[in-house]
Amino acid sequence: MNVSTELAMPPCDYQPPAYDGPTRERVQALRKQYVHPSLFALYQEPIMLVDGYMQWLFDEKGSRYLDMIAGIVTVSCGHRHPKVSEAIAEQLRHLQHATTIYLHPNLPLLAEKVASKMPEGLDVTYFVNSGSEANELAVNMARAFTGNVDVVALRNAYHGMSSTSMGLTSHHTWKPNIPQGYRIHHTMNPDPYRNAFSGTPEEVATQSAEQLRELLRFSTPGQVAAFIAEPIQGVGGVSHGAASYLTEAYDIIRDHGGLCISDEVQTGFGRTGDHYWGFQHSDVKPDMVVMAKGIGNGVPLAAVTTTREIADAFTSRLHFNTYGGNPVSMAAGLAVMDVIEEEGLQENCRVVGGRLKAGLTALMDRHELIGDVRGMGLMLGVELVTDRGTKEPAKAETAAVLEECREHGMLIGKGGLYGNVLRIKPPMCITEEDADFAIDVLDAALEVARK
Ligand SMILES: Cc1ncc(COP(=O)(O)O)c(C=O)c1O
């Protein structure tokens, strides 16, 4: 059953067993008493999820939800995808952990598979456990290779919560008043919707790139270690500029001795539809590609892929990661990449994502609240504003839309600097029927939110 019966949910042939664990109230009380208060939960009344299957999630009462945010863009193949689950279980029947001081086939097999999806020359991978760690490692490698220190990231970026990756992140909301990162600079992002520059997206991109040149001139020694960017800013509210921006920015950075890092933590593995990696929309070739989230379908697994030459420059001292390359996470990664191929999930992102985006764009005619619809494939954002002219962020309305969607049995995310962007990034296996349901739910939710 879904919570509200007004809009009929697409069918699901999985029925979870009855839940008999601790009550939601007890879990909430335990969390309040024993768990670090930095953890936050969505919704006025947090949801407790106890089961899931493909694009569906279930709470302790058996209520079903269409998952349109995929555990923050992480569940790529689907919750408990049978092939991925079986690969994990099969590996657990043999060996869970040994570390990389011993050989195991899964690690180099996954490295080979990742390399097969990369442009030529990007074929050496270091596996870690989280996107933050991977970004940290990429910056360290860039500094070791170039001998330079300064790093440039984009305003409105999110790259993680470790020291360096928090420094790369550019949102005051994610920046506690503590030291973070070192010699990191933030340059204008080319998002045409909210930008000090005006003109076509391409003109905004060129002016933003020119500002990068200025930043290098004023704030760095003129030589930099790296530039890092998400091809589409995820936490930042699915914002992205014209494809030409990365081409221009990469050229400028290389002129200043730096390496270009593409943070594909959200955009990788086919999610953007037309391409396997987000950077491919811009026809650029990064020096390093950072990945996490979708590669593991929920298993802690992340990686940096780079060239042999750059990797070799990071071998002057020992480097080690206890869980990185773990046989179980490697087994998951191998199965995930197979499933993406076998089930045509990239193509599904293109087709279903296209339908979803068209539906969202059509909602603009009926809902003044929608200021912008953007994104690619199954990585979509809807920015809500109280006034299309002033673009005043509609924060309260955004929160209300999330609550209302939940009432209809659909979970979405929110993001952006002002928390006013609906983030729609479901498991890559959703169907056209699911997309149509999502549009109907959003239509109803937006109607309620504007009252
Ligand atoms: C683009 C991007 N990079 C890095 C990270 C950090 O990944 P993790 O939370 O696995 O450390 C995130 C997390 O949301 C992300 O969206």
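Residues numbered from 1 in each chain as written. Predicted model: local features only at pLDDT ≥ 70, side-chain atom pairs only at ≥ 80, totals over all residues. Heavy atoms only, no water.

What follows is about the overall build of the chain. Looking only at helices and strands, the chain has 13 helices and 16 strands in total. Rg of the C-alpha trace for the chain: 22 Å, near the compact-globule value of 22 Å for 451 residues, within the 12% margin. Expressed as lengths along the three principal axes of its C-alpha atoms, the size of the chain is roughly 60 × 60 × 45 Å. Across the 451 residues of the chain, 55% fall into the buried class. In the structure as shown, the chain presents an accessible area of about 19,500 Å², 53% of it carried by carbon and sulfur atoms. Of note, the chain has its 38 positive side-chain charges centred 5 Å away from the centre of its 55 negative side-chain charges. (Helix = DSSP H or I, 4+ residues; strand = E, 2+ residues; numbered from the N terminus. Rg over C-alpha atoms; globule rule 2.2 N^0.38 Å. Buried < 20%, exposed > 50% of the residue type's maximum accessible area, 1.4 Å probe, protein only. Areas by Shrake-Rupley, 256 points an atom, 1.4 Å probe, with all protein chains shown as cover. Lys, Arg positive; Asp, Glu negative; His and termini not counted. Charge placed at Lys NZ, Arg CZ, Asp CG, Glu CD.)

Taken together, the side chains of Y34, V35 and L39 define a hydrophobic patch exposed on the protein surface, amounting to about 310 Å² of accessible area. In this fold, L39 is placed in the loop between α1 (24–34) and β1 (49–53). For L39, a relative accessible area of 47% puts it in the partly exposed group. (Patch = residues over 30% accessible without salt bridge, like charges linked within 9 Å, V, L, I, M, F, W, Y side chains within 5 Å. Salt bridge = Lys/Arg side-chain N within 4 Å of Asp/Glu carboxyl O.)

It is worth spelling out the domain arrangement of the chain at this point. Domain parsing of the chain yields domain 1 (24–77 + 344–449) and domain 2 (84–342). Contacts between domain 1 and domain 2 engage 38 residues on the former and 36 residues on the latter. Of the roughly 3,000 Å² buried between domain 1 and domain 2 on both sides combined, carbon and sulfur atoms contribute 57%. In terms of surface lost to domain 2, no three residues of domain 1 exceed Q346, M376 and M379, which account for 23% of the buried area on that side. (Domains from an automatic or database assignment. Contact = heavy atoms within 4.5 Å. Buried area = accessible area lost by both parts, 1.4 Å probe.)

Take the side chain of D59 next. Inspection of the secondary structure assignment puts D59 in strand β2 (residues 56–59). Among the polar contacts made by the side chain of D59, one reaches the main-chain amide nitrogen of K61 at a distance of 2.9 Å. Setting aside chain neighbours within four positions, we find D59 in contact with I47, M48, L49, V50 and Y65. (Polar contact = N/O pair within 3.5 Å; in protein donor to acceptor, adjacent residues only side chain to side chain.)

One can describe the packing of helix α12 (residues 395–407) onto helix α13 (residues 432–449) by two numbers: an axis separation of 8 Å at closest approach and a directional angle of 130 degrees. When the interaxial angle is binned, α12 and α13 end up oblique. Pair α12 / α13 crosses with right-handed handedness. When α12 is examined against α13, the residues E397, A400, V401, E404 and C405 are found in contact with a partner set consisting of V441, L442, A445, L446, V448 and A449. Split into classes, the residues belonging to the contact of α12 with α13 amount to 9 nonpolar, no polar and 2 charged. (Axes fitted to C-alpha atoms, helices over the stretch in contact; angles between N-to-C directions. Parallel < 35°, antiparallel > 145°, perpendicular 65-115°, else oblique. Left-handed = near helix turned anticlockwise from the far one by under 90°. Nonpolar A, V, L, I, M, F, W, Y, C, P; charged D, E, K, R; others polar.)

Let us look at the pairing of strand β4 (residues 124–128). Of all the 5 residues making up β4, 4 are buried; the element is thus mostly covered by neighbouring parts of the structure. For β4 and strand β10 (residues 302–306), the ladder comprises 5 bridges, and the chain directions are antiparallel. From the neighbouring strand, T125 faces β10, where its bridge partner is T305. (Pairing = 2+ DSSP bridges.)

Attention shifts here to the packing of aromatic side chains. Counting across every chain of the model gives 8 aromatic pairs. Residues F269 and Y276 carry aromatic rings whose centres are separated by 5.6 Å and whose planes lie at 65 degrees to one another, so their mutual orientation is edge-to-face. The burial state of F269 is the same as that of Y276; both residues are buried. An aromatic cluster is built from Y14, Y53 and F58, whose rings are joined through pairwise contacts. In this structure, R80 is placed above the aromatic ring of Y14, and the distance from its NZ or CZ to the ring centre is 4.8 Å. One residue, K391, lies across the ring of Y193, its end atom 4.2 Å from the ring centre. (Phe/Tyr/Trp six-rings, centres within 6.5 Å; stacked < 30°, edge-to-face > 60°. Lys NZ or Arg CZ within 6 Å of the ring centre and 35° of its normal.)

With that settled, the discussion passes to the environment of L369. Position of L369 relative to the elements: it lies in the loop between α11 (345–366) and β11 (370–376). Expressed as a C-alpha distance, the spacing of L369 and I439, which sit 70 residues apart in the sequence, is 15 Å. L369 has contacts with E383, L384, V385, A394, E397, L446, A449 and R450, leaving out every residue within four places of it along the chain.

Take the sheet that holds strand β3 (residues 64–67) next. Neighbouring strands of a sheet are bound in pairs by backbone hydrogen bonds; such pairs are parallel or else antiparallel. The mixed open sheet is built from 4 strands, whose spatial order is β1-β2-β3-β14. Both edges of this open sheet fall to β1 and β14 (410–411), since each of them pairs with a single strand only. Across 4 bridges, the pairing between β1 and β2 is antiparallel. When the bridges of β2 are listed, G52 appears paired with L57.

Taken together, S130, G131, S132, N135, Y158, H159, G160, E230, D263, V265, Q266 and K293 are the residues near the ligand. In the model, an oxygen atom of the ligand is placed 2.5 Å from a nitrogen or oxygen of the S132 side chain. In isolation the ligand exposes 390 Å². Once the protein is present, 83% of that is buried. The biggest single contributor to the shell around the ligand is helix α5 (residues 131–146), with 3 residues. Of the residues belonging to the shell around the ligand, the class tally is 2 nonpolar, 7 polar and 3 charged. (Near = heavy atom within 4 Å.)

Counting buried residues in strand β8 (residues 259–263) gives 5 out of 5 residues, a clear majority hidden from the surface. A two-sided burial pattern is seen for β8, the buried positions comprising L259, I261 and D263 on one face and C260 and S262 on the other. When strand β7 (residues 226–229) meets β8, the two strands line up parallel, connected through 4 bridges. Bridged to A226 within β8 is L259. Following the chain from β7 across helix α8 (residues 244–255) to the adjacent parallel β8, one finds a crossover that is right-handed. One ladder, built from 3 bridges, connects β8 with strand β9 (residues 288–291); its direction is parallel. (Right-handed = clockwise from strand over helix to strand, strands pointing away.)

Read from one edge to the other, the open sheet built from 7 strands follows the order β4-β10-β9-β8-β7-β5-β6, with strand pairing classed as mixed. In this open sheet, the two strands that pair with only one neighbour each are β4 and β6 (184–187). Each strand of the sheet is rotated relative to its neighbour by a mean of 20 degrees, with strand direction disregarded. Running over the sheet, helix α7 (residues 201–219) touches β5 (151–154) and β6 and is turned about 150 degrees from β6.

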